[in-house]
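Observations on the model geometry
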Amino acid sequence: MEYYYEAHIRKLKEVISTWSKDDLIDLIIMKADSDYGFYRHIALMIKNATTDSVLIHKWNEIQENLISLSYDRYIDDQQEIANIWEICEDIIQFLDENEAEQNEMKDILQDIIEHDYYADVSCDEPMGELAECLSEKLN
């Protein structure tokens, strides 16, 4: 016996299977207009699924930690903040030693700025350092 919601999920899968990757990304981004969490992360994962560079991979790791932080009531001294610090340092070191795609760096910098350096989840210091590094690389 099929549950009510399972029939809806099956129908939704059938409809979505006919959509292009760009249609899916547009739909998810539309849902994510003010939310940098779940939907935005999914859109980034889909968008970069075929061309996942080191920089984008690291940025997606940061996004995963930010999503976890957004669900916590008290964010001080969370492991995710330490993870974000470490990943930001990794990205800065990577950028010092390697060339990166200009568009990727611009997108990440824009995201950091649009979200006020993620100060609402106490990540403004590592994001500030990363933004500074990205700005220097772009100039």
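Every chain is numbered independently, its residues counted from 1 as its sequence is written. A pLDDT threshold of at least 70 governs which residues receive local features in this predicted model, and a stricter bar of 80 or more applies before side-chain atom pairs are shown or counted, although totals over entire chains, interfaces and linings include all residues. In computing side-chain properties, one takes all heavy atoms of the structure into account and sets aside hydrogens as well as water.

**Thoughts on the overall build of the chain**
Helix and strand assignments follow DSSP, with helices taken as H or I runs no shorter than four residues and strands as E runs no shorter than two, numbered in order from the N terminus. Counting secondary structure elements, the chain contains seven helices and zero strands. Listed by position from the N terminus, the elements making up the chain come as α-α-α-α-α-α-α. The buried label goes to any residue with under 20% of its type's maximum accessible area, the exposed label to any with over 50%, and the partly exposed label to all in between, with areas taken from a 1.4 Å probe on protein chains only. Out of the 139 residues in the chain, the part that is buried amounts to 32%. Using a 1.4 Å probe, accessible areas were evaluated by the Shrake-Rupley method; residue-level cover was limited to the displayed protein chains. Per element, the accessible surface of the chain, about 9,200 Å² overall, is 50% carbon and sulfur.

**Points about a negative patch on the surface**
A cluster of acidic residues, E86, E89, D96, E97, D124, E125, E129, E132 and E136, forms a negative patch on the protein surface. Breaking the negative patch down by element, the ones donating at least two residues are α5 (79-97) and α7 (124-138). For the negative patch, the element with the highest residue contribution is α7, accounting for five residues. Judged by its relative accessible area of 40%, E129 falls in the partly exposed class. Think of a patch as exposed residues, more than 30% relative accessible area, with no salt bridge, where like charges cluster within 9 Å and nonpolar side chains (Val, Leu, Ile, Met, Phe, Trp, Tyr) cluster within 5 Å. Note on definitions: salt bridges are taken to be side-chain nitrogens of Lys or Arg within 4 Å of carboxyl oxygens of Asp or Glu. In summary, the charge assignment counts Lys and Arg as positive and Asp and Glu as negative, without counting His or the chain termini. By convention, the point assigned to a charge is CZ for Arg, NZ for Lys, CD for Glu and CG for Asp.

**Some points on unusual backbone geometry**
Notably, D116 is not glycine yet its phi reads approximately 50 degrees, a positive angle. Mapped onto the elements of the fold, D116 is located in the loop between α6 (102-114) and α7. Residues other than glycine seldom take positive phi values, yet Y117 does so here, at roughly 60 degrees. Here Y117 shows up in the loop between α6 and α7.

**Re the confidence of the model for the chain**
Confidence of the prediction at every residue is given by pLDDT, a number between 0 and 100. Per-residue confidence for the chain gives a mean pLDDT of 80; residues scoring 70 or more make up 68%. The lowest-confidence element of the chain is helix α3 (residues 38-47), averaging 63 in pLDDT; the highest-confidence one is α7, averaging 95.

**Quick notes on α6**
For α6, spanning 13 residues, the distance from its first C-alpha to its last is 18 Å, which sits close to the expected 18 Å at 1.5 Å a residue. Every buried residue of α6 is listed here: E104, M105, I108, L109, D111 and I112. The buried side chains of α6 occupy one side of the element, clustering within an arc of 160 degrees when seen end-on. Two residues or fewer past α6, D116 is found with a positive phi of approximately 50 degrees. One less than the residue count of a helix, multiplied by 1.5 Å, gives the span that helix is expected to have. Read the arc as the range of directions from the helix axis to the C-beta atoms.

**Some details on the nonpolar core**
Counting residues in hydrophobic clusters, the biggest one holds 27 residues, and the most contacted among them are I62, C123, M127 and L130. For this core, the secondary-structure elements that each account for two or more residues are α4 (54-71), α5, α6 and α7. For this core, the element with the most residues is α5, which contributes seven residues. Contacts: residue pairs with any heavy atoms within 4.5 Å of one another. Every residue in contact with M127, bar those within four places of it in the chain, is listed here: W59, I62, L66, I84, C88, I112, Y117 and Y118. Each nonpolar core is a collection of buried residues, namely Ala, Val, Leu, Ile, Met, Phe, Trp, Tyr and Cys, held together in the definition by side-chain atoms within 4.5 Å.

**Details of the packing of α4 against α6**
Here an axis means a line fitted to C-alpha atoms, over the contact stretch when the element is a helix, while the angle between two N-to-C directions is reported on a 0 to 180 degree scale. Where α4 meets α6, the axes come as close as 10 Å, and the angle between the chain directions of the two elements is 20 degrees. Considering their axes alone, α4 and α6 lie roughly parallel with respect to each other. Crossing of α4 against α6: the hand is left-handed. Mapping the contact onto sequence places L55, I56, W59 and Q63 in α4 and E104, M105, I108, D111 and I112 in α6. Put simply, Ala, Val, Leu, Ile, Met, Phe, Trp, Tyr, Cys and Pro go in the nonpolar bin, Asp, Glu, Lys and Arg in the charged bin, and everything else, Gly too, in the polar bin. Considered class by class, the residues forming the contact of α4 with α6 number six nonpolar, one polar and two charged. By the definition adopted for this analysis, an angle is roughly parallel if under 35 degrees, roughly antiparallel if over 145, roughly perpendicular if from 65 to 115, and oblique otherwise. Crossings are classed by handedness, with left-handed meaning an anticlockwise turn of the near helix from the far one by less than a right angle and right-handed meaning a clockwise turn.

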